[in-house]
Structure formats: C-alpha cells, structure tokens
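Understanding the architecture of this molecule
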Amino acid sequence: MAPADVRCIPAAAGGPKGLALLPLDRRLHDAGYAGRSVRLVGASIGAWRMTALAAPDAPAAIDRLARAYVREQNYRERPSPREVSDVIRGVVRTLLDGKPPRVRDAVALEVLTARARGPLAGRESKAAFARAALDNALARPRLAKHLHRVVFTAGATAAPDPFDAFGALHVPLDAGNAEDALLASGSIPLVCTPVRGIAGAPPGDYWDGGLIDYHLLLPYRTAPGLVLYPHFVPYVTPGWLDKFLPWRKAANAHDWLADVLLVAPSPAFLAQLPNGKLPDRNDFYHYGRDHASRIRDWEQAMGQCERFADEAMRFLEAPRADLVRPL
C-alpha cells in the first residue's frame, strides 16, 4: 500500500488508550501517509493526536503530546471538574507550544466537538446527562435533541452534506479558538467543566467530541482512496454512550466502513503490556497519588507499542490477505 492510496486517517476518542497509537503516528508521518490531500479527523485524544500529526513539526508535536499527557496529569484525590479542566488545558497548551495552529500544505484537520442543546443546554448535572443517555438508548438519533456536532477545521477541508441527525457545523480553527476547541474536544462530562465562549463558534456548552463520535463512524466516501484507521480495538462504536449498549457497541458491516482498513493490536500483544492492558482512565484511580508508578507503566506501554507500530508498518508495506478480517 502506498501513501497516495490513503485519503483519510481517523483517530478515536478513548483517553489514555490513544497513547498506544502515538508510535504508529510517528511512523505514518515519516513514511508520508499523513501527507498531501489527507484528511485527519479526530475526537478527544484523537483530535490531539491528529493536531500533532498535521503540524509542520509533527514528530516534535507528537513527543510534546506524549510527554504532557503522561507527565502533567498528576491529580490530587478527587479533583474537581474545574481542576481537571485546568490540567487538560495545560496539556493542550503544551501540544500547541504557544503557537497558532498550523497544518502542512494540503492537509485537512478536523477537530470534533459536541455542543449541548435542547434539554442539555446550560446543564452539567448527572440527571441531565442521564436523560440524554436514556434517549440514546431508545434510539441514537434521539441523542441529537441534546447534542450538536461542531467541527473545527484547518487546512484543505470542505463541509460535507448533512449525513445524520447531529448535523456538522464547520468552524475555522485559528489562533483565537484552537486552545478552547481542543480542550472542548476532550472535556468529559462530570469529569471536566464545559468549554464556553469559543471564538467564532455558536454560544453554548461544548463537550467531548466522543459523546457523538466515539470511534468516528462517519461517511468517508467523499474521495477515491482508502481510510487508514489506527485503532486500539478491532471494532467501531458510534458514540461514547453506545459502548454500554451491547446491541450497538460494534457497527459491523456498516456501509460507511466499506473502504476502511482498521489496524489494531491483538489480545496477545495487549497481554504483554503493564497490567495486561492499554493505559486507560481507570488508572488514575488505580494508582491514586502514586504518580511515579503510573507514569512508569504508561511510558513502558508506549515503549512496547513501538513493536505494534513496526508490525503495522510492515503490513502496510506488504499487505497479507491472511491477516485481514471483515469489520
């Protein structure tokens, strides 16, 4: 497979799990897969990964993200949502390195966020989100009463026609709103505070883009070529709330996945990582105030994921049909 065959690289929400894919992001950059005419789209940590991958100094930006995400999130016991948001804002600032967001020539960057509307507008309570979760359980389109998709874009990107109930309002990503937009894309309800007053965007509360687009089940057939999807699981879950619904957890055989090549680590590989799994948000509770042990194990996991990145690149250079499974 040649870099010119790839038209889009999606990046899922998923918190610390995304750390496992940073070594592969570096290799994709070095091999030219994130070059001209490629759409880079992400939510939450996926948006931060794609922002780093789109940057003119991509290897350095990926390193900044890895270092800040792992080493700067040292919380006290039971931090408030405001404290968590302040720390996450620091991670975003480190990623941006105090500069306006920039993307390489002819690369399109899309940062997904979820803007509260209807019953959820102006509300941060468990009860408000429980009502949204109930509507989502009844039917995914009902969640659109509560959330509106807002996409912050930079580079050579074009707004698609509406494709689902959530809409897709595109807002230019610039020096005045990049920090807030990236913070919003990773602001988990009840864990963080909402982001408000984003320059150039409609007023309202902005939340984690994964609420709508957890694993980015999107209509990718807007141009010829393949969608190369580095992922941490071998399936696609539409929205964050859907992961709690067994009948909706995996969007198998969806038309939008027809041209998607998803690459994910095997269970056997994951069993070799610290704690036998990818880093995840529960580690903040598991390690508590033992920040040094969490940092050690997360960095060891990223180091071991260099082997996964090497194997993925070998497959891209010489694809093997016996390793391919239908989504």
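These lines cover the structure that appears in this document, whether it is placed above or below.

**So, unusual backbone geometry**
Phi at Leu-190 takes a positive value of approximately 75°, unusual for a residue other than glycine. If you trace the backbone, Leu-190 turns up in the loop between α6 (178-185) and β6 (206-208). Non-glycine residue Asn-275 carries a positive phi angle of around 65°. Within the secondary structure, Asn-275 sits in the loop between α7 (267-270) and α8 (283-287).

**Quick notes on the side chain of Thr-51**
Residue placement: Thr-51 occurs in helix α2 (residues 45-54). Judged by its relative accessible area of 7%, Thr-51 falls in the buried class. Setting aside chain neighbours within four positions, we find Thr-51 in contact with Leu-95, Leu-96, Leu-109, Val-111 and Leu-182.

**Comments concerning the nonpolar core**
Counting residues in each nonpolar core, the largest one holds 92 residues, and the members touching the most others are Ile-9, Leu-40, Trp-48 and Phe-152. Broken down by element, this core gets its largest block of residues, ten residues, from helix α9 (residues 291-317). Once you skip the residues sitting within four places of it in the chain, Leu-40 turns out to touch Ile-9, Ala-34, Met-50, Leu-53, Ala-54, Val-107, Ala-108, Leu-109 and Glu-110. Among the nonpolar cores identified, the runner-up in size contains 14 residues, and Leu-120, Leu-147, Trp-207 and Leu-211 belong to it.

**Examining the pattern of salt bridges**
What the rule picks out here adds up to 29 salt bridges. Across the pair Asp-57 and Arg-64 runs a salt bridge whose closest N-O atoms are separated by 3.1 Å. Judged by relative accessible area, Asp-57 falls into the partly exposed class, the value being 24%. On the basis of relative accessibility, which here comes to 11%, the residue Arg-64 falls in the buried class. One salt-bridge network, in which partners are shared between bridges, spans Arg-26, Arg-27, Asp-63, Glu-306 and Asp-310.

**Topic: the pairing of strand β7 (residues 226-230)**
Across the five residues of β7, four count as buried, placing the element largely inside the fold. Relative to β7, strand β1 (residues 6-11) runs parallel, the two sharing two bridges. Among the inter-strand pairings, Cys-8 is bridged to a residue of β7, identified as Val-227. In the sheet, β7 pairs with strand β8 (residues 260-263) via four bridges, with the strands oriented parallel. Across the sheet, residue Val-227 finds its bridge partner in β8, namely Val-260.

**Things to note about the environment of Ala-181**
Along the chain, the position of Ala-181 falls in helix α6. In sequence terms Ala-181 and Ala-301 are 120 residues apart; their C-alpha atoms lie 28 Å from each other. In this structure Ala-181 touches Val-111, Thr-113, Phe-152, Leu-173 and Ile-198, once residues within four positions along its chain are discounted.

**Examining empty space enclosed by the protein**
Applying the stated rule across the entire model yields two cavities of 30 Å³ or more. Computed from the structure, the largest cavity encloses a volume of approximately 140 Å³. When contributions to the lining of the largest cavity are tallied by element, the ones reaching two or more residues are α3 (58-71) and α4 (81-96). Split into classes, the residues belonging to the lining of the largest cavity amount to seven nonpolar, one polar and four charged.

**A closer look at the packing of α2 against α3**
The interhelical angle for the contact between α2 and α3, taken along N-to-C directions, is 150°, at an axis separation of 7 Å. The angle between α2 and α3 places the two elements in the roughly antiparallel class. From α2, Ile-45, Trp-48, Arg-49, Ala-52 and Leu-53 reach across to α3, where they touch Ala-58, Ala-61, Ile-62, Leu-65 and Tyr-69. Class assignment for the residues of the contact of α2 with α3 results in nine nonpolar, no polar and one charged.

**Looking at helix α5 (residues 126-138)**
Between its first and last C-alpha atoms α5 spans 18 Å; for 13 residues at 1.5 Å apiece the expected length is 18 Å, and the two agree. The complete set of buried residues in α5 reads Ala-128, Phe-129, Ala-132, Asp-135 and Asn-136. Within α5, the buried residues cover an arc of 115° as seen down the axis, which keeps them to one side. Along α5, the residues that are exposed and aim more than 90 degrees away from the buried face are Lys-126, Leu-134 and Leu-138.

Calculation notes
Residues numbered from 1 in each chain as written. Predicted model: local features only at pLDDT ≥ 70, side-chain atom pairs only at ≥ 80, totals over all residues. Heavy atoms only, no water. Helix = DSSP H or I, 4+ residues; strand = E, 2+ residues; numbered from the N terminus. Buried < 20%, exposed > 50% of the residue type's maximum accessible area, 1.4 Å probe, protein only. Contact = heavy atoms within 4.5 Å. Core = buried A, V, L, I, M, F, W, Y, C linked by side-chain atoms within 4.5 Å. Salt bridge = Lys/Arg side-chain N within 4 Å of Asp/Glu carboxyl O. Pairing = 2+ DSSP bridges. 1 Å grid on protein atoms, 1.4 Å probe; cavity = no way out; pocket = protein on both sides within 12 Å on 5 of 7 lines; lining within 4 Å. Points joined across faces, edges and corners; volume = space filled by probe spheres on them. Nonpolar A, V, L, I, M, F, W, Y, C, P; charged D, E, K, R; others polar. Axes fitted to C-alpha atoms, helices over the stretch in contact; angles between N-to-C directions. Parallel < 35°, antiparallel > 145°, perpendicular 65-115°, else oblique. Expected span 1.5 Å × (residues − 1). Arc of directions from axis to C-beta.

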